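Observations on the model geometry
Residue strings, one per chain:
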Amino acid sequence: MRIILIGPPGAGKGTQSQRLLTHLGIPHLSTGEELRKACRAGSETYEKARPSMESGRLVPDPIILDLVNERLHQPDCANGVLFDGFPRTLGQAEALDRMLEKQGMPLDGAIEIRVDEELLIKRIAGRKRSDDLPEVLRQRLLAYREQTEPLLEYYAERGLLQTVDGSGTPDEVFARIKTALSTWADKA
Ligand code: AMP
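Per chain, residue numbering runs from 1 following the sequence as it is written. Since the coordinates come from a predicted model, pLDDT governs what is reported: local features require at least 70, and pairs of side-chain atoms require 80 or more to be given and counted, while whole-chain, interface and lining totals use all residues. The basis for every side-chain value is the complete set of non-hydrogen atoms in the structure, without hydrogens or water.

**Looking at the site of the ligand**
Put simply, the test is: Working definition: residue near molecule or strand if any one of its non-hydrogen atoms lies within 4 Å of it. Polar contacts, as counted here, are pairs of nitrogen or oxygen atoms within 3.5 Å of one another; within protein the pair requires one atom able to donate a hydrogen and one able to accept it, and residues that are adjacent in sequence qualify only if both atoms are side-chain atoms. Accessibility throughout is a Shrake-Rupley quantity obtained with a 1.4 Å probe, and a residue counts as covered only by protein chains that appear here. By definition, any uninterrupted DSSP run of H or I lasting at least four residues is a helix, any uninterrupted run of E lasting at least two residues is a strand, and each is numbered from the N terminus. Following the grouping adopted for this structure description, the nonpolar residues are Ala, Val, Leu, Ile, Met, Phe, Trp, Tyr, Cys and Pro, the charged ones are Asp, Glu, Lys and Arg, and the polar ones are all others, Gly among them.
Surrounding the ligand, one finds 16 residues, the nearest of these being Thr31, Arg36, Arg57, Arg88 and Gln92. At 2.9 Å, a side-chain N or O of arginine 88 approaches an oxygen atom of the ligand. Take arginine 140: an N or O atom from its side chain is 3.0 Å from an oxygen atom of the ligand. When the free accessible area of the ligand is taken as 480 Å², the share hidden by the protein chains comes to 96%. Looking at the shell around the ligand element by element, the count peaks at four residues for helix 2 (residues 31–40). Partitioning the shell around the ligand into residue classes produces six nonpolar, four polar and six charged.

**A closer look at the packing of aromatic side chains**
Worth spelling out the cut-off: Aromatic pairing here means that ring centres of Phe, Tyr or Trp (its six-membered ring) are within 6.5 Å. Orientation follows from the plane angle: under 30 degrees is stacked, over 60 is edge-to-face, and everything else is tilted. Burial classification: accessible surface area is computed with a 1.4 Å probe over protein chains only, and a residue below 20% of its type maximum counts as buried, one above 50% as exposed, and the rest as partly exposed. Only lysine NZ and arginine CZ atoms are considered, and such an atom sits over a ring when it is within 6 Å of the ring centre and within 35 degrees of the ring normal.
Overall, the coordinates contain two aromatic pairs when judged by the stated rule. Note on phenylalanine 83 and phenylalanine 86: the rings are 6.0 Å apart at their centroids and 45° apart in plane angle, and the pair reads as tilted. Neither residue differs from the other here; phenylalanine 83 and phenylalanine 86 are each classed as buried. Seen in terms of ring centroids, tyrosine 154 and tyrosine 155 are 5.1 Å apart; in terms of plane orientation they differ by 90°. Their pairing is edge-to-face. Assigned by exposure class, tyrosine 154 and tyrosine 155 land together as buried. Over the aromatic face of tyrosine 154 sits the side chain of arginine 158, whose NZ or CZ is 3.6 Å from the ring centroid.

**Quick look at unusual backbone geometry**
A cis amide bond links phenylalanine 86 to the next residue, proline 87, at an omega of -5°. With respect to the helices and strands, proline 87 occurs in the loop between strand 3 (81–84) and helix 5 (90–102).

**Details of the nonpolar core**
Spelled out, the test is: Definition of nonpolar core: a set of buried residues of the types Ala, Val, Leu, Ile, Met, Phe, Trp, Tyr and Cys, connected through side-chain atoms within 4.5 Å. Whether two residues touch is decided by their heavy atoms; if any such pair falls within 4.5 Å, the residues are in contact.
With 33 residues, the main nonpolar core has Ile4, Ile6, Leu72, Phe83, Leu96 and Tyr155 as its most contacted residues. With six residues, the top contributor of residues to this core is helix 4 (residues 61–72). Dropping the residues within four chain positions of it, isoleucine 4 is found in contact with Phe83, Phe86, Pro87, Leu96, Leu107, Gly109, Ala110, Ile111 and Tyr155.

**Here's the deal with the pairing of strand 4 (residues 109–114)**
The test is simple: Here, any two strands with at least 2 DSSP bridges between them count as paired.
Burial within strand 4 is extensive, with five of its six residues counted as buried. Strand direction decides the pairing type here: strand 1 (residues 2–6) and strand 4, joined by four bridges, are parallel. Paired with isoleucine 4 across the strands is alanine 110, a residue of strand 4. In the sheet, strand 4 pairs with strand 5 (residues 161–165) via five bridges, with the strands oriented parallel. Note on strand 5: the bridge partner recorded for isoleucine 111 is glutamine 162.

Here it is in C-alpha cells:
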C-alpha cells in the first residue's frame, strides 16, 4: 500500500505512523525525519534546509523531492510506503504522482488527521522539540494552513481522501485510521 498521512503539527502523525508501520509492515518515509537524520550526519542537504526548518517554514520543494526520489528507489519501497509529512505543497503532490506513475506504483489514498487548533497548541506545549517554540509553531501552523491544506481538496477530487477525527487517545485515533484503511485494503 502507498498511503499519505496529512495533518498539522501536533495532530499525532508521528505516533500514528509508528502504529501503522507495525500494522501494515511497510517502510516509513518521513521527510522531517530524513532531514533530521541528514542533520545528525552533518550533510549539506540539511545545511540548505536548516534556515526554513528553524523558522517553521517549509523547505524548498527541490530539496524535499530529491530526498523522496532517492528513498523511493530503494528496494524496500517496492511493496509500499507510508508517507508522513510529505507531500506538503501542491507542487510536491504533483511531483509525487509523477514519481509513482513512473515506477508503476499507484497511490492508495491519503488520510487526514483533523484536530482543532486549540487542542494542537495544548498538545505541543507538552513536547520539547526546538521547532515547537511559540513563534516557530505559529509559523508551522500557518504553513500548514496556507500550503498543505489545499492538498485535501487535491486528494478529495481524486476520490483518495479520508478524514479521521484526531481527538481522543492514540488508541481511539488508531482505531479510526484502521477503519479508514479497510476501505482501501481490498484494492492493495
Ligand atoms: P516534521 O517533522 O514533518 O514536522 O518536519 C519538520 C520540518 O521539516 C518542517 O517544519 C519543515 O521545515 C521541514 N519539512 C519536513 N517535511 C517537509 C516537506 N514535505 N516539505 C517542506 N518542508 C518539510
